[in-house]
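Examination of the molecular architecture
So the chains spell out like this:
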Amino acid sequence: MRYETIKKLCCPIDKEDLALTTVTKDTDGNILQGFLTCGKCQRIYPIVQGIPIMSPDEYREFRLEQPLLDKWKKHLKGRVVENFRVISHNSDKQELKPGNIK
Ligand SMILES: [Zn+2]
């Protein structure tokens, strides 16, 4: 898919702009693999063979996307994906400290 086309896409859930991470592109600069992330709902939409997967959650199967996300792990820069959302582990989750475990 062409970069110009991808840039026009917005999140189907909340219409927010999406941030693009390119993993591979062809010789013409078209994006073959990568993912789009929404800054509002934190959803991640993979781009597979140039096609962005932008179905609602209930039509997505995480086990089909998991191998891709594993492969693209370094592009996620330490973030993890849960329930189709990109989660930064240090932000909102309270860390389990030894003193907190009863
Ligand atoms: Zn969104």
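That block above? That's the structure.
The structure presented is a predicted model; accordingly, all values stated were derived computationally and were not measured.

The next thing to look at is the sheet that holds strand 2 (residues 31–38). Pairing is antiparallel across the open sheet formed by four strands, whose spatial order is 1-2-3-4. If you trace the sheet from one side to the other, it starts and ends with strand 1 (18–25) and strand 4 (51–52), each paired once. In this structure, strand 1 lies alongside strand 2, joined through seven bridges in antiparallel fashion. From the neighbouring strand, Thr 24 faces strand 2, where its bridge partner is Gln 33.

On to the environment of Gln 66. In this fold, Gln 66 is placed in helix 2 (residues 62–71). Along the chain, Gln 66 and Phe 84 lie 18 residues apart, while their C-alpha atoms are 9.8 Å from each other.

Looking now at the environment of Gly 29. One can find Gly 29 in the loop between strand 1 and strand 2. Between the alpha carbons of Gly 29 and Tyr 3 there is a distance of 7.7 Å; along the sequence they are 26 residues apart.

The subject of this paragraph is the pairing of strand 2. Linkage of strand 1 to strand 2, two consecutive antiparallel strands, is achieved through a turn of five residues, within which Gly 29 is found at a positive phi near 90°. Looking at chain direction, strand 2 and strand 3 (residues 44–48) are connected through four bridges and run antiparallel. By the bridge assignment, Gly 34 is partnered in strand 3 with Ile 47. As consecutive antiparallel partners, strand 2 and strand 3 are separated by five residues, and within that stretch Gln 42 has a phi angle of approximately 70°, a positive value.

Rules and cut-offs
- Residues numbered from 1 in each chain as written.
- Predicted model: local features only at pLDDT ≥ 70, side-chain atom pairs only at ≥ 80, totals over all residues.
- Pairing = 2+ DSSP bridges.
- Helix = DSSP H or I, 4+ residues; strand = E, 2+ residues; numbered from the N terminus.

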